[in-house]
Amino acid sequence: MHEVIEAIERWLARGEQVAVATVVRAMGSSPRQVGAKMAVSSGGSMIGSVSGGCIEGAVFEACQEAIASGQSRLLHFGVADETAWEVGLACGGSIDVFVEPLR
Amino acid sequence: MTTFYELMRDAVRQGRPLAIVTVLAGGPVGAKLALMQDGQTFGDLGDAGLTAQAVQAALPLLSQGETRTVNLTPDVTVFVESFVPPPTLFMVGGVHISIALAAMAKVVGFHTVVIDAREAFATGERFAHVDELIIAWPDEALAGRLDARSSVAVLTHDPKLDDPALRVALRSPARYIGALGSSKTHARRLERLAAEGFTPAELARIHGPIGLPIGAKTPEEIALSILAEVVKVARLGSRAEEGASSYATT
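Just so it is clear, the model here is predicted, and its values are computed rather than measured.

**Q** How should the overall build of chain A be read in this particular structure?
**A** Counting its secondary structure elements, chain A contains two helices and five strands. Scanning chain A from its N terminus toward the C terminus, one meets helices and strands in the order α-β-β-β-α-β-β. Contacts in chain A between residues at least 24 apart in sequence constitute 52% of all its contacts with a sequence separation of at least 6. When the accessible surface of chain A is split by element, carbon and sulfur atoms take 49% of a total near 4,600 Å².

If you want it as structure tokens, here you go:
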């Protein structure tokens, strides 16, 4: 958590906006546990992780959208899931990720 | 105005327990409530009844340091996130194994404390990487510091230091107690403690010989086997069946 906080402090000091993604539910085998966090800045910086790297790209985009819209949303990722994101978890688990502007 | 982020940041930096409740679905999505251990709150979920339910659901989770989703009503799902200080690994004995164990435990996320009454062992030069280096008798240093998330590794090999530490640990809610020594050394240790009145059930809490059996030889390898056992007990509990091995068990 300290690492994510220090990065967010640097971004805020530079006047950037921030969004945070958090694993809120994990079913089956998943690489990160509930509570795992990733933060993204409006300048395109990123810290932390919500998976083993499988969905970070999609979550990064969702964070940028959250910064632009100011809206929070709950995303679901599963293996071979026909979601709009067209990304899945190779490990066979599924996770819910909550994406929100920093508040 | 203080933000939820600032509350969380300051709590984490100062090591104060804090829970943040966030509405995920069925209500004002994204609405938040912060909660301290004493029940003090910051913010609300937009509805007095819902806020009260959230506080009631979150307080026990915060005291356990637990983070998970909770269905407050058939419709409303919230995420309760507990921010608690890292658990502590107490190492009794400023020995070679402790040097390696403290370094590895730090990486894994423990607050590390090394205790030894012998100043020649517990030197700042050998233990510059430890969060706390305490030069005192182990029973005095451990008294009042062990909670349900604490782990204690007793590593001096010397009954004069090991036994007092074990007495305090056995009377505490510490979730892991391990003692270094061969099966023979450990059997003698159990006899001494039994003679003092500790019951077999109490003595069964001591992991001895300490560490998972990985054939460790060097102090560094022994540290690794101890840390693996500490993590196993933290994640699976003391009575976890041998062979339960999935690291992703939830």
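There's more to say after this.
**Q** Looking at this model, I keep getting lost on the pairing of strand S5 (residues 94-101) of chain A. Mind explaining?
**A** Regular strands have side chains that alternate between both faces of the sheet. Residues and elements named next belong to chain A. Most of S5 is tucked away, with eight of its eight residues classed as buried. Burial of the side chains of S5 extends over both faces: Ser-94, Asp-96, Phe-98 and Glu-100 are buried on one face and Ile-95, Val-97, Val-99 and Pro-101 on the other. Note: strand S1 (residues 18-27) against S5, eight bridges, orientation antiparallel. Its bridge partner lying in S5, Arg-25 is registered against Asp-96. Inspection of the sheet shows strand S4 (residues 73-78) paired to S5 by six bridges, in the antiparallel sense. Its bridge partner lying in S5, Phe-77 is registered against Ile-95.

**Q** It is not clear to me how empty space enclosed by the protein should be interpreted in this structure. Could you clarify?
**A** Here the structure, examined in full by the defined rule, presents two cavities of 30 Å³ or more. Space inside the largest cavity adds up to approximately 180 Å³. Along the walls of the largest cavity sit 16 residues, with A:Lys37, A:Glu100, A:Leu102, B:Met8 and B:Lys32 positioned nearest its centre. Mapped by element, the contributors of at least two residues to the lining of the largest cavity are helix H1 (2-13) and S5 of chain A together with helix H1 (4-14) and strand S5 (77-83) of chain B. With three residues, H1(B) is the largest single contributor of residues to the lining of the largest cavity. For the lining of the largest cavity, the per-class residue count stands at 11 nonpolar, no polar and five charged. Taken as a whole, the second largest cavity spans an internal volume of roughly 40 Å³. If you trace the second largest cavity, you find it lined by A:Thr22, A:Lys37, A:Phe98, A:Glu100, B:Thr22, B:Lys32, B:Phe79 and B:Glu81. Secondary structure elements with two or more residues in the lining of the second largest cavity: S5 of chain A together with S5 of chain B. Taken together, the residues of the lining of the second largest cavity break down into two nonpolar, two polar and four charged.

**Q** In this structure, what is going on with the packing of helix H5 (residues 159-170) of chain B against helix H6 (residues 183-195) of chain B? I would like to understand it.
**A** Between two packed helices, both the angle of their axes relative to each other and the distance between the axes serve to describe the pair. Residues and elements named next belong to chain B. Axis separation between H5 and H6 bottoms out at 11 Å; the angle between their running directions is 60°. Comparing their axes, H6 and H5 come out oblique. Remark: the crossing between H5 and H6 carries right-handed chirality. On the side of H5, the interface is formed by Pro-159, Asp-162, Asp-163, Leu-166, Arg-167 and Leu-170, while H6 contributes Arg-189, Arg-192 and Leu-193. Class assignment of the residues belonging to the contact of H5 with H6 gives a composition of four nonpolar, no polar and five charged.

**Q** I tried to follow helix H2 (residues 48-64) of chain B on my own but got confused; where do I start?
**A** Helical geometry: 3.6 residues make up each α-helical turn, so side chains three or four residues apart lie on a common side. Residue and element names in this part refer to chain B. Over its 17 residues, H2 runs 25 Å from end to end, which matches the ideal 24 Å to within 8%, given 1.5 Å per residue. If you look at H2, its biggest bend is around 30°, right at Ala-58, and the proline Pro-60 turns up within four residues after that. All of the buried residues in H2 are Leu-50, Thr-51, Ala-54, Val-55, Ala-58, Leu-61 and Leu-62. Where H2 is buried, its residues touch strand S1 (18-25), strand S2 (32-36), strand S3 (41-42), strand S4 (68-71) and S5. With its phi angle positive at about 70°, Gly-65 sits one or two positions after the end of H2.

**Q** What is the right way to read the confidence of the model for chain B from this model?
**A** Regions with low pLDDT should not have their predicted coordinates read in detail. Mean pLDDT over chain B stands at 92; residues scoring 70 or higher make up 95%. Low pLDDT, under 50, characterises residues 240-250 of chain B; the stretch is placed with four contacts to residues that sit more than four places away or in other chains.

**Q** How should I be thinking about the sheet that holds strand S2 (residues 37-41) of chain A in this particular structure?
**A** Hydrogen bonds between backbone atoms are what pair the strands of a sheet, whose relative direction is either parallel or antiparallel. Residue and element names in this part refer to chain A. Read from one edge to the other, the open sheet built from five strands follows the order S3-S2-S1-S5-S4, with strand pairing classed as antiparallel. Pairing within the sheet leaves two strands with one partner each, and these edge strands are strand S3 (46-48) and S4. Strand-to-strand twist in this sheet, taken as the mean axis angle between neighbours without regard to direction, amounts to 20°. This element, helix H2 (residues 56-69), spans S1, S2, S3, S4 and S5 of the sheet and lies at about 55° to S2.

Calculation notes
Residues numbered from 1 in each chain as written. Chains lettered and ligands numbered in written order. Predicted model: local features only at pLDDT ≥ 70, side-chain atom pairs only at ≥ 80, totals over all residues. Heavy atoms only, no water. Helix = DSSP H or I, 4+ residues; strand = E, 2+ residues; numbered from the N terminus. Contact = heavy atoms within 4.5 Å. Areas by Shrake-Rupley, 256 points an atom, 1.4 Å probe, with all protein chains shown as cover. Buried < 20%, exposed > 50% of the residue type's maximum accessible area, 1.4 Å probe, protein only. Pairing = 2+ DSSP bridges. 1 Å grid on protein atoms, 1.4 Å probe; cavity = no way out; pocket = protein on both sides within 12 Å on 5 of 7 lines; lining within 4 Å. Points joined across faces, edges and corners; volume = space filled by probe spheres on them. Nonpolar A, V, L, I, M, F, W, Y, C, P; charged D, E, K, R; others polar. Axes fitted to C-alpha atoms, helices over the stretch in contact; angles between N-to-C directions. Parallel < 35°, antiparallel > 145°, perpendicular 65-115°, else oblique. Left-handed = near helix turned anticlockwise from the far one by under 90°. Expected span 1.5 Å × (residues − 1). Bend = angle between axes of the 7 residues up to and from the residue. pLDDT = per-residue confidence, 0-100.

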